[in-house]
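Commentary on secondary and tertiary structure
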Amino acid sequence: MRDVDQKILKFNHEKNLRDNDFFVSSSNKHVYDLLNSWPNWEKNYININGENFSGKSHLVNIFLEKYKGIKINSEDINNDFLKKIKIYENIVIEDLNEKINENLLFT
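In this convention, every chain numbers its residues from 1, walking through the sequence in written order. Local features in this predicted model are restricted to residues of pLDDT 70 or higher, and side-chain atom pairs are both shown and tallied only at a pLDDT of 80 or more, whereas totals for entire chains, interfaces and linings draw on every residue. Hydrogen atoms and water are omitted, and side-chain values are computed over all heavy atoms in the structure.

**Points about unusual backbone geometry**
- Geometrically, the link from Trp-38 to Pro-39 is a cis peptide bond, its omega value of 10° lying close to zero.
- Positive phi outside glycine occurs at Phe-53, with the angle close to 65°.
- By the criteria applied, helices consist of DSSP H or I runs no shorter than four residues and strands consist of E runs no shorter than two, each listed in order from the N terminus. Within the secondary structure, Phe-53 sits in the loop between helix 1 (29-36) and helix 2 (56-67).
- Phi angles above zero are rare outside glycine, and Lys-68 is one such case at about 50°.
- Residue class for Lys-68 comes out exposed when judged on its relative accessible area of 57%. We call a residue buried when its accessible area falls under 20% of the maximum for its residue type, exposed when it is over 50%, and partly exposed in between, using a 1.4 Å probe and counting protein chains only.

**Quick look at the nonpolar core**
- For this analysis, a nonpolar core means a set of buried residues of the types Ala, Val, Leu, Ile, Met, Phe, Trp, Tyr and Cys, connected via side-chain atoms within 4.5 Å. By size, the foremost hydrophobic cluster in this structure holds twelve residues: Phe-22, Val-31, Tyr-32, Leu-35, Trp-38, Trp-41, Leu-59, Val-60, Ile-62, Phe-63, Leu-64 and Val-92.
- The dominant element in this core, judged by the number of residues it contributes, is helix 2, at five residues.
- Throughout, a residue-residue contact means that at least one pair of heavy atoms, one from each residue, lies within 4.5 Å. In this structure Leu-35 touches Trp-41, Ile-46, Ile-48, Leu-59, Phe-63 and Tyr-67, once residues within four positions along its chain are discounted.
- Ile-70, Ile-72, Ile-77 and Leu-104 belong to the second largest nonpolar core, which has six residues in total.

**So, helix 1**
- Listed in full, the buried residues belonging to helix 1 are Val-31, Tyr-32 and Leu-35. End-on, the buried residues of helix 1 take up no more than an arc of 100°, which puts them together on one face.
- Looking at the buried positions of helix 1, the neighbouring elements they touch are helix 2. What the arc measures is the spread of directions leading from the helix axis to the C-beta atoms.

Such coordinate-based values are descriptive only and should not be taken to indicate function.
Here it is as structure tokens:
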């Protein structure tokens with residue numbers, strides 16, 4: 001390695017996904033405000049998408065902490081799992097893609 005090459009520094013820190021550590025900016029304020037307006041949403045569902053590391057998971061964790069819910073990966077959705085999550089009012093599905101069984105999702 002040459003002296004002018006960039007070196008990566010690894011800082012040992014824990015991920016912190018709390019509300020007071022989320023930076024609200026003009027590019028994410030609309031989603032932040034929408035999540036905080038629950039249960040007064042026009043529809044019972046929303047879809048949050050964006051670039052990697054744009055704050056989607058941070059926002060979801062804030063929402064789940066405030067409004068009590070469960071987060072599942074789309075790959076884990078099956079009939080047995082759907083029976084277990086019926087008691088939750090707020091369900092967040094991570095990594096939704098075309099492979100999901102839509103009949104299960106909209107049951």
